[in-house]
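Summary of structural features
If you want the building blocks of each chain, they are given just below.
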Number of protein chains: 2
Amino acid sequence: MTDLPFSGAFKAGKGGSRPMFKAAAGIFARKGYHEATVDEIAQAVGVAKGTIYYHFKNKEDLYFAVIQEGINIFGKQLRVAAAAADNPLDKIRSLVDSHLDFYEREQDLVFLFLKELSGSELRRRILAGMLSKCLAVVREAIAAGVKNGTFRAVNPELATSSLFGMITIAAFHYLAFARPIDRAKVKSTIEQIFTRGILSGEGEGDCCRVAGHL
Amino acid sequence: MTDLPFSGAFKAGKGGSRPMFKAAAGIFARKGYHEATVDEIAQAVGVAKGTIYYHFKNKEDLYFAVIQEGINIFGKQLRVAAAAADNPLDKIRSLVDSHLDFYEREQDLVFLFLKELSGSELRRRILAGMLSKCLAVVREAIAAGVKNGTFRAVNPELATSSLFGMITIAAFHYLAFARPIDRAKVKSTIEQIFTRGILSGEGEGDCCRVAGHL
DNA sequence: AGTTATAAACTGACTGGTCAGTACAAGCAC
DNA sequence: GTGCTTGTACTGACCAGTCAGTTTATAACT
């Protein structure tokens, strides 16, 4: 909300910062960058077009501010979730919960992120970098778990991506068809598959021959 | 390639069907629907703009034809992979392999799919439905495994989404930064986490308390 | 309290460029 | 001689971005 490298960054606006951000995020998420017109966003926000340009250099600037703000929200939420638990396993559980929470509350942002990830190479890389920073807490929790023996010797980087993917797509499964997310079911699936898979089980290696390579 | 509900659907073109499709997919994937101009696509394909409009009703029609064709390729590949193994576990392994294969060979399509999944509600729903049909073979393999006791009692629907998400995002992890996918690493991570998680292990339930619900 | 000064926030009609889609005369191949 | 292709040129809609001017908020002076 503060220290953003953008012209206006939601400080101003008749109705205050948050509604402006919400409205813009909603339009961008629903229609995409190019289909969303600045006129339309201005109307949704409840200001004149010129006002948008008073606060933001141009449409892209506004768009990035929305993304940046979204990343901030996501990152902060994950950090809080990680801090709320004190061992790797609970951290992961808390993070999964928090992620699902974000998914439910900020669907617009989720779609915005997905859009950005499928954008041009540059945009994709930028967002992937930002997300990667947000997910550092997950990576660290997994790495810690591997170190202290709670988890098996997975690659924390890839395990993080995997978990992120599982949550995102499993939850997406509901949103794609405009159904409410069944959090209990998703959580239980993740517990059953991810958590169980990553925990250093008793009967260790036998079921897991990886065809050929390590 | 055949039975498509589209005007022209890549039957024609100087260089035959495939190059035309490839070029169009590439442009759409790199620039997105709105930034890609028909002139540009025509040039890339190597035909005159009028020719595009001779075969396709309009830009959207062309775009959908590309998507549809992509889905056909993906679906066929998965079906072949599933048929190549005769028990649930091997089917899953074969499907993972095949999926990664598709990911590597048809990056344009992957990005196109991602774009579409983050598009408007209608478009999202349409593509999600198509993908869901493609992934039926995965769902069935998982369901069969659950039935015959190879796998634990997961929800096949959600487990499929989870696996799809894992693969997609883990591989994306590389593509986002324009690095080649390290297939061995991705496969081993999936083996370690998904396969191991879903296999009905000896020490069954103890590690997997799901906070509260079933 | 009333007047004046100044800046910040806001407005909306207008402009200029872009691009989907059309039109068409002419060429080629089977 | 019909189906397919080309190239060029044109139109009309749409939209990002501009700008001259209005409103509101704040402070300062008498």
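Owing to the predicted nature of the structure, the values given are computational and were not obtained by experimental measurement.

So, how was this worked out
- Residues numbered from 1 in each chain as written.
- Chains lettered and ligands numbered in written order.
- Predicted model: local features only at pLDDT ≥ 70, side-chain atom pairs only at ≥ 80, totals over all residues.
- Heavy atoms only, no water.
- Least-squares fit on C-alpha atoms with pLDDT ≥ 70 in both.
- Near = heavy atom within 4 Å.
- Polar contact = N/O pair within 3.5 Å; in protein donor to acceptor, adjacent residues only side chain to side chain.
- Helix = DSSP H or I, 4+ residues; strand = E, 2+ residues; numbered from the N terminus.
- Nonpolar A, V, L, I, M, F, W, Y, C, P; charged D, E, K, R; others polar.
- Axes fitted to C-alpha atoms, helices over the stretch in contact; angles between N-to-C directions.
- Left-handed = near helix turned anticlockwise from the far one by under 90°.
- Contact = heavy atoms within 4.5 Å.
- Phe/Tyr/Trp six-rings, centres within 6.5 Å; stacked < 30°, edge-to-face > 60°.
- Buried < 20%, exposed > 50% of the residue type's maximum accessible area, 1.4 Å probe, protein only.
- Lys NZ or Arg CZ within 6 Å of the ring centre and 35° of its normal.

1. Points about the relation of the copies chain A and chain B
- Mapping chain A onto chain B calls for a rotation angle of 180 degrees and an axial translation of 0.1 Å; the resulting RMSD is 0.1 Å. On the angle and the small slide along the axis, the relation comes out as a two-fold axis. In terms of proximity to the rotation axis, the leading residue of chain A is Gly197 of chain A, whose C-alpha is 1.8 Å off the axis.

2. A few points about the protein's contact with DNA strand D
- Neighbouring DNA strand D are 16 residues; Lys49 and Lys59 of chain A together with Thr51, Tyr54 and His55 of chain B lie closest to it.
- Of all DNA strand D atoms lying within 4 Å of any protein atom, the proportion belonging to sugar or phosphate reaches 68%.
- Side-chain polar atom of Thr51 of chain B to a phosphate oxygen of DNA strand D: 2.5 Å apart, as the coordinates give it.
- The separation between a phosphate oxygen of DNA strand D and a polar side-chain atom of Tyr54 of chain B is 2.6 Å.
- Of all elements in the fold, only helix 3 (49–55) of chain A together with helix 3 (49–55) of chain B reach the threshold of two or more residues within the surface near DNA strand D.
- The greatest single-element share of the surface near DNA strand D, amounting to three residues, is contributed by helix 3 of chain B.
- A class-by-class count of the residues in the surface near DNA strand D yields seven nonpolar, six polar and three charged.

3. Details of the protein's contact with DNA strand C
- In the vicinity of DNA strand C, 15 residues are found, and the nearest of them are Ala48, Thr51, Tyr54 and His55 of chain A together with Lys59 of chain B.
- At the protein interface, 67% of the atoms of DNA strand C within 4 Å belong to sugar or phosphate.
- Contact distances for DNA strand C include 2.9 Å between a base nitrogen and a side-chain N or O atom of Lys49 of chain B.
- Those elements that place two or more of their residues in the surface near DNA strand C are helix 3 of chain A together with helix 3 of chain B.
- With four residues, the top contributor of residues to the surface near DNA strand C is helix 3 of chain A.
- When the residues that make up the surface near DNA strand C are grouped by side-chain class, the tally is six nonpolar, six polar and three charged.

4. Some words on the packing of helix 5 (residues 88–105) of chain B against helix 9 (residues 156–175) of chain B
All names here are of chain B.
- Direction vectors running N to C along helix 5 and helix 9 enclose 35 degrees, while the axes themselves pass 11 Å from each other. Between helix 5 and helix 9 lies a crossing of right-handed hand. Contacts between helix 5 and helix 9 involve Ile92, Val96, His99, Leu100 and Tyr103 on the former and, on the latter, Leu163, Phe164, Ile167, Thr168, Ala171, Phe172 and Leu175.
- For the contact of helix 5 with helix 9, the per-class residue count stands at 10 nonpolar, two polar and no charged.

5. Observations regarding the packing of aromatic side chains
- One pass over the structure, following the stated rule, counts 16 aromatic pairs over all chains.
- Residues Phe28 of chain A and Tyr33 of chain A carry aromatic rings whose centres are separated by 6.0 Å and whose planes lie at 10 degrees to one another, so their mutual orientation is stacked. Residue Phe28 of chain A shares its accessibility class with Tyr33 of chain A, and that shared class is buried.
- Among the aromatic residues, ring-to-ring pairing joins Phe28, Tyr33, Tyr63 and Phe64 of chain A into one connected group.
- Between the NZ or CZ atom of Arg124 of chain A and the centre of the ring of Phe111 of chain B, over which it lies, the distance is 3.6 Å.
- Positioned over the ring face of Tyr33 of chain B is Lys59 of chain B, at 4.5 Å from the centre of the ring.

All we've got here are geometric facts, nothing functional implied.
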